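Close look at the chain arrangement
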Amino acid sequence: MTDVLDKPSFPGEVDRSGMMDHILGFPEQVEEAIEIGRDAQLPPWKGLKGVAILGMGGSAIGGDLVRGNLSASFKPPIGVVRDYTLPFWVERDFLVIASSYSGNTEETLSSYQEALFRGTKIIIITTGGRLGELASKDGFPWIRIPSGFPPRAALAYSFFPILLCLQRFFGLGDLQLNGLADHLRSLREEYRPQIPTQGNLAKVVAGKIAGRLPIIYSAPGPFEAVGIRWRGQLAENAKTLSFTSLFPELNHNEIVGWELGGGVKEKAISIFLQDSGYHPRIIFRMELTAGMMEKDGVEVLRLESSGKSLLERVFSLIHLGDWVSWYLALLEGVDPTPVERIDWLKGELAKL
Ligand code: F6R
């Protein structure tokens, strides 16, 4: 079935809106986004006590990834707010980062207004839209990111500016950004369309997922957001439903549900996003659980991160997931870029 992915003309026939170029460009986007974050003009704010990152969908995942990557080293409270309202814990001496690619997402605009009301410090990351106008009107720093991407394909432009803002205000030490783009370039060489299925993990995984229900497993901390990214990319690019869950919690409930499997067991495929940095007991639990599922007849794909630093390992699985979602879209015959249901909903909501 995946042989079709090796046909040179194939991508263009289905990927009519050019998602491939965005995924191919990811290593260079990472480099540019790091520059944007480093060059950002920010006031010398002092004494910030915590961080809230506002955003939805493709503009929220950068915040999730920052939070996850800092989970073992960052002391102040930090949370991602995907809502119209700000949680009570966001106080006046917090830094709020409002991230919306279009600048027009109503939940983000609404929680931004609450942050304004509470008197927090605010940084805006957007291409423009209403949020861009508010940055100028309300006098907050605006980190302007390049336009022309579907928001989810602009992940680098939300993640790195947020990370570098936190570096500036909270002093995060060495972020180990140096080898990251090169590592991604070497992975791109493995996953790009010219590499035949036989030696191309992204094509193989897409082929296994096609027509099935992927259940994606990872662990709390940096890789939780990687699972969320996979789920989002499979949904938006490949128009495919999937679910995510976390070790070790699932060992205390969900594994029992597999006994009957609710009619989905035959269709399901388990994807284990694995990392050498997981707690050793989690690694052991994953092996035991994989064995249990395989005994039930469920196929388990074990996908291991690669790279030296934590960021390299995290982004190795993100880049793989982006390619998998793209190949899956091609196999399913759907153009990866349009997200008609999201657009329709936004249109309906805008009428009220
Ligand atoms: C579309 C996408 C969506 C948007 C979300 C919020 O590519 O990924 O999840 O990111 O609807 O819109 P923005 O990012 O403009 O705030």
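A quick note: this is a predicted structure, and the numbers were derived from the prediction, not measured.

1. Thoughts on the pairing of strand S9 (residues 299-304)
By the bridge criterion, 6 bridges tie strand S8 (residues 268-274) to S9 in an arrangement that is parallel. The partner of Ser270 across the bridge, within S9, is Val300. What joins S8 to S9 is helix H12 (residues 280-295), and the crossover it makes is right-handed.

2. Regarding unusual backbone geometry
Across the junction of Phe247 and Pro248, the peptide omega takes the value -5 degrees, indicating a cis bond. Structurally, the position occupied by Pro248 is in the loop between strand S7 (243-246) and helix H11 (254-257). Backbone geometry at Gln176 places phi at a positive 55 degrees, although glycine is not the residue there. Within the secondary structure, Gln176 sits in the loop between helix H7 (155-170) and helix H8 (180-191).

3. Focus on the site of the ligand
In the neighbourhood of the ligand, 13 residues make up the surrounding shell, with Ser59, Ser100, Ser102, Thr105 and Arg152 lying closest. At a separation of 2.6 Å, an oxygen atom of the ligand approaches a polar side-chain atom of Ser102. In the model, an oxygen atom of the ligand is placed 3.4 Å from a nitrogen or oxygen of the Pro151 main chain.

4. Quick notes on a nonpolar patch on the surface
A surface patch of nonpolar side chains, about 330 Å² in accessible area, is lined by Trp344, Leu345 and Leu349. Mapping Leu349 onto the fold places it in helix H14 (residues 340-351). Classification of Leu349 as partly exposed rests on a relative accessible area of 39%.

5. Observations regarding the sheet that holds strand S1 (residues 50-54)
Taken together, the 5 strands give an open sheet; going across it, the order is S2-S1-S3-S4-S5, and neighbouring strands pair in parallel fashion. The outermost strands of the open sheet, each flanked by one partner alone, are strand S2 (78-81) and strand S5 (142-144). Neighbouring strand axes in the sheet, compared pairwise and without regard to direction, differ in orientation by 15 degrees on average. Summarising the sheet, strand S3 (residues 94-99) and strand S4 (residues 121-126) pair through 5 bridges and their orientation is parallel. In the sheet register, Ser99 faces S4, and the bridge partner there is Ile125. Against the sheet, H7 makes contact with S1, S2, S3, S4 and S5, and its axis sits at roughly 165 degrees relative to S3, the strand it touches most.

6. Notes on the pattern of salt bridges
For the structure on display, the rule yields 19 salt bridges. Of the charged contacts in the structure, one is a salt bridge between Arg302 and Glu294, with a shortest N-O distance of 3.1 Å. Classification of Arg302 as partly exposed rests on a relative accessible area of 34%. Note on Glu294: relative accessible area 36%, which makes it partly exposed. Between Lys351 and Glu348 there is a salt bridge, with its nearest N and O atoms 2.7 Å apart.

Rules of the game
- Residues numbered from 1 in each chain as written.
- Predicted model: local features only at pLDDT ≥ 70, side-chain atom pairs only at ≥ 80, totals over all residues.
- Heavy atoms only, no water.
- Pairing = 2+ DSSP bridges.
- Helix = DSSP H or I, 4+ residues; strand = E, 2+ residues; numbered from the N terminus.
- Right-handed = clockwise from strand over helix to strand, strands pointing away.
- Near = heavy atom within 4 Å.
- Polar contact = N/O pair within 3.5 Å; in protein donor to acceptor, adjacent residues only side chain to side chain.
- Patch = residues over 30% accessible without salt bridge, like charges linked within 9 Å, V, L, I, M, F, W, Y side chains within 5 Å.
- Areas by Shrake-Rupley, 256 points an atom, 1.4 Å probe, with all protein chains shown as cover.
- Salt bridge = Lys/Arg side-chain N within 4 Å of Asp/Glu carboxyl O.
- Buried < 20%, exposed > 50% of the residue type's maximum accessible area, 1.4 Å probe, protein only.
- Axes fitted to C-alpha atoms, helices over the stretch in contact; angles between N-to-C directions.
- Contact = heavy atoms within 4.5 Å.

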